[in-house]
Amino acid sequence: MQRIPLMDYVGRPVLACIFLALLWLQWRFPLRRQHFSVLHRLVRNFVLSIPGFAIVRLAMLPIPIAVAVWAHERRVGLLNWLAFPGWAAVILTFLMMDYAYWWWHWANHMIPIFWRFHNVHHTDLDLDVSTAARFHFGEMIFSIAFLSLAVILFGIGPIMLVAFFITFEAATLFHHSNWCLPIKLERILNLVLVTPRMHGIHHSIVQRETNSNWGTIFCWWDKLHRTLRRDIPQDAVTIGVAAYREEHELTLGKLFALPFRQQRPWRLPNGEEPERTVRSADELLE
Ligand SMILES: [Zn+2]
């Protein structure tokens, strides 16, 4: 395995520390009431993520890095064509890549073949920092093509690609966590970043709520596309996918097989479409 020093010696230890810190914070200051065993979900999400982690390290990073080296040598891509000062190239890398990922997340919901895999992530019946690792390895394989294409188009350098990826993963851990930030602090953070309350709405069983808040690092893209929703209190959100509500249907084996099975329409097991009914006193982001 070829070494990626920035990922192996900086990224991985930093991300592990952030994961542990968020695990403690969400245990100490929980945001949403959890309905299922934390330990059970932690183990399940961790095991489910093992093939995905392997693919990230063996292909999803090395292939786009090789593409980035090639693009740099051949002067291909936006940042290689235009001579930006270093600081501007850094800012542009983060903005362009995060915006590209907004579209990729949108595609993962809207394009049926991609949704089959992304559905596995959304079927988690509670939402916490371990959900950030719960991705079917198939989604990672598709991501290789997406990431390589973005790198060529934007002319992202290999170091910047890895730096972006580490930040992207840290943001993913943060906004999936069940950490109850003081509402005033979260409102300030949410002027720039995707926060746990904002992303919690994206994991709702109500479809029009799931079809909002697609951002990963910055919240601006959802503002731009008018897909930003901050009007739902967290204790009114039921986490999950409407048609997959039974724990015994979401065991490890069934989750790995889920993309290859017939997909159920967005209906509750009783056939009804989930609607928001609960009124709540929980404070809103907006
Ligand atoms: Zn999603």
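You'll find the structure just up there.
Quick summary incoming for the structure in this document. Here, residues in each chain are numbered from 1, in the same order as that chain's written sequence. Side-chain atom pairs in this predicted model are given and counted only at pLDDT of 80 or more, local residue features only at pLDDT of at least 70, and totals for whole chains, interfaces and linings cover all residues. Remark: hydrogens and water are excluded; side-chain values derive from all non-hydrogen atoms of the structure.

### Notes on the overall build of the protein chain
- Tallying secondary structure elements over the protein chain gives 13 helices and zero strands in all.
- Secondary structure elements are taken from DSSP: a helix is a run of H or I of four residues or more, a strand is a run of E of two residues or more, and numbering for both begins at the N terminus. The order of helices and strands in the protein chain, counted from the N terminus, is α-α-α-α-α-α-α-α-α-α-α-α-α.
- Along the three orthogonal principal directions, the C-alpha set of the protein chain runs to about 55 × 40 × 35 Å.
- Exposure classes here rest on a 1.4 Å probe applied to the protein chains alone. A residue is buried below 20% of its type maximum, exposed above 50%, and partly exposed in between. The buried share of the protein chain, taken over its 286 residues, is 51%.
- The contacts of the protein chain with a sequence gap of at least 6 include a subset with a gap of at least 24, amounting to 76%.
- As displayed, the protein chain offers around 13900 Å² of accessible surface, 68% of which is attributable to carbon and sulfur atoms.
- Averaging the positions of the 27 positive and the 22 negative side-chain charges in the protein chain gives two centres separated by 3 Å. We call two residues in contact whenever any of their non-hydrogen atoms come within 4.5 Å of each other. Surface exposure here means Shrake-Rupley accessible area, sampled with a 1.4 Å probe, where a residue is shielded only by the protein chains that are shown. Charged residues are defined narrowly, with Lys and Arg counted positive, Asp and Glu counted negative, and His plus the chain ends left uncounted. Charge positions come from single atoms, namely NZ of Lys, CZ of Arg, CG of Asp or CD of Glu.

### What about the coordination of the zinc ion?
- Donor atoms: N, O and S within 2.8 Å of the metal, or within 3.2 Å for Na, K and Ca. Because water is excluded, sites can look incomplete. Surrounding the zinc ion are the protein donor atoms H105 (NE2), H109 (NE2), H118 (NE2), H122 (NE2) and H202 (NE2), at 2.1 to 2.2 Å.
- Positions of the donor residues of the zinc ion along the chain correspond to the pattern H-x3-H-x8-H-x3-H-x79-H. You can see H105 sitting in helix α5 (residues 86-110) and its partner H118 sitting in helix α6 (residues 112-122), a full 13 residues away along the chain. Of the two residues examined, H105 and H118, each falls in the buried class.

### Focus: the side chain of N178
- Mapped onto the elements, N178 comes out in the loop between α8 (158-176) and α9 (183-189).
- For N178, the side chain forms a polar contact with the main-chain nitrogen of R32, separated by 2.8 Å.
- With near-sequence residues (within four places) excluded, N178 lies in contact with Q26, F29, P30, L31, R32, Q34, L127, D128 and V129. N or O atoms closer than or at 3.5 Å make up a polar contact, with two conditions inside protein: a donor-capable atom paired with an acceptor-capable one, and, for residues adjacent in sequence, both atoms drawn from side chains.

### Some words on the pattern of salt bridges
- Take a side-chain nitrogen of Lys or Arg and a carboxyl oxygen of Asp or Glu: if they are within 4 Å of each other, that pair is a salt bridge. Within the structure shown, the criterion is met by nine salt bridges.
- The residue R12 makes a salt bridge to D8 at a minimum N-O spacing of 2.9 Å. On the criterion of helical spacing, the pair formed by R12 and D8 is a turn pair, its members being four residues apart in helix α1 (residues 5-28).
- Residue R12 is classed as partly exposed on the basis of its relative accessible area of 43%.
- Salt-bridge contacts for D8 lead to R57; the nearest nitrogen and oxygen are separated by 2.8 Å. Of this pair, D8 sits in helix α1 while R57 is found in helix α2 (residues 38-60), placing the two residues 49 residues apart along the sequence. There is no split in this pair, since D8 and R57 are both buried.
- Linked through salt bridges whose partners overlap, the residues forming this network are R41, D124, D128 and R134.

### Digging into helix α7 (residues 137-154)
- A helix is expected to span 1.5 Å multiplied by its residue count minus one. For α7, spanning 18 residues, the distance from its first C-alpha to its last is 26 Å, which sits close to the expected 26 Å at 1.5 Å a residue.
- To get the bend at a residue, fit one axis to the 7 residues ending there and another to the 7 starting there, then take the angle between the axes. Largest kink in α7: about 25°, centred on S143.
- By the burial criterion, the buried members of α7 are G138, E139, M140, S143, I144, F146, L147, S148, A150, V151 and F154.
- Residues of α7 that are buried in the fold lie against α2, α3 (62-74), α4 (78-81), α5, α6 and α8.
- Just beyond α7, the residue with positive phi is G155, at close to 65°.

### Points about a nonpolar patch on the surface
- A surface patch of nonpolar side chains, amounting to about 590 Å² of accessible area, comprises L39, V43, F46, V47, I50 and F53.
- Within the fold, V47 resides in helix α2. Patch members must show over 30% relative accessible area and no salt bridge, and they are joined within 9 Å when carrying like charges or within 5 Å when they are nonpolar side chains of Val, Leu, Ile, Met, Phe, Trp or Tyr.

### A word on the state of the cysteines
- A pair of cysteine sulfur atoms is labelled a disulfide when the two atoms are within 2.5 Å. Inspection of the entire model under this criterion finds zero disulfides.
- Of all cysteine sulfurs in the structure, the one in C219 sits closest to C180, which takes part in no disulfide; the separation is 19 Å.

### Topic: the nonpolar core
- Counting 50 residues, the largest nonpolar core has M7, M60, M97 and Y101 as the members making the most contacts within it.
- A per-element tally of this core places α8 first, with 10 residues.
- Residues contacting M97, with those up to four places away along its chain left out, are L92, L147, A150, F154, I156, L161 and F164.
- By nonpolar core we mean a set of buried residues, namely Ala, Val, Leu, Ile, Met, Phe, Trp, Tyr and Cys, connected to one another through side-chain atoms within 4.5 Å. Formed by 12 residues, the second largest nonpolar core is a distinct cluster that contains V120, V241, A242 and L255.

### Things to note about unusual backbone geometry
- For R75, which is not glycine, the phi dihedral falls at a positive 55°.
- Locating R75 in the fold gives a position in the loop between α3 and α4.
- One non-glycine residue, N213, lies in positive phi territory at about 55°.
- With respect to the helices, strands and loops of the structure, N213 is situated in the loop between α11 (207-210) and α12 (220-224).

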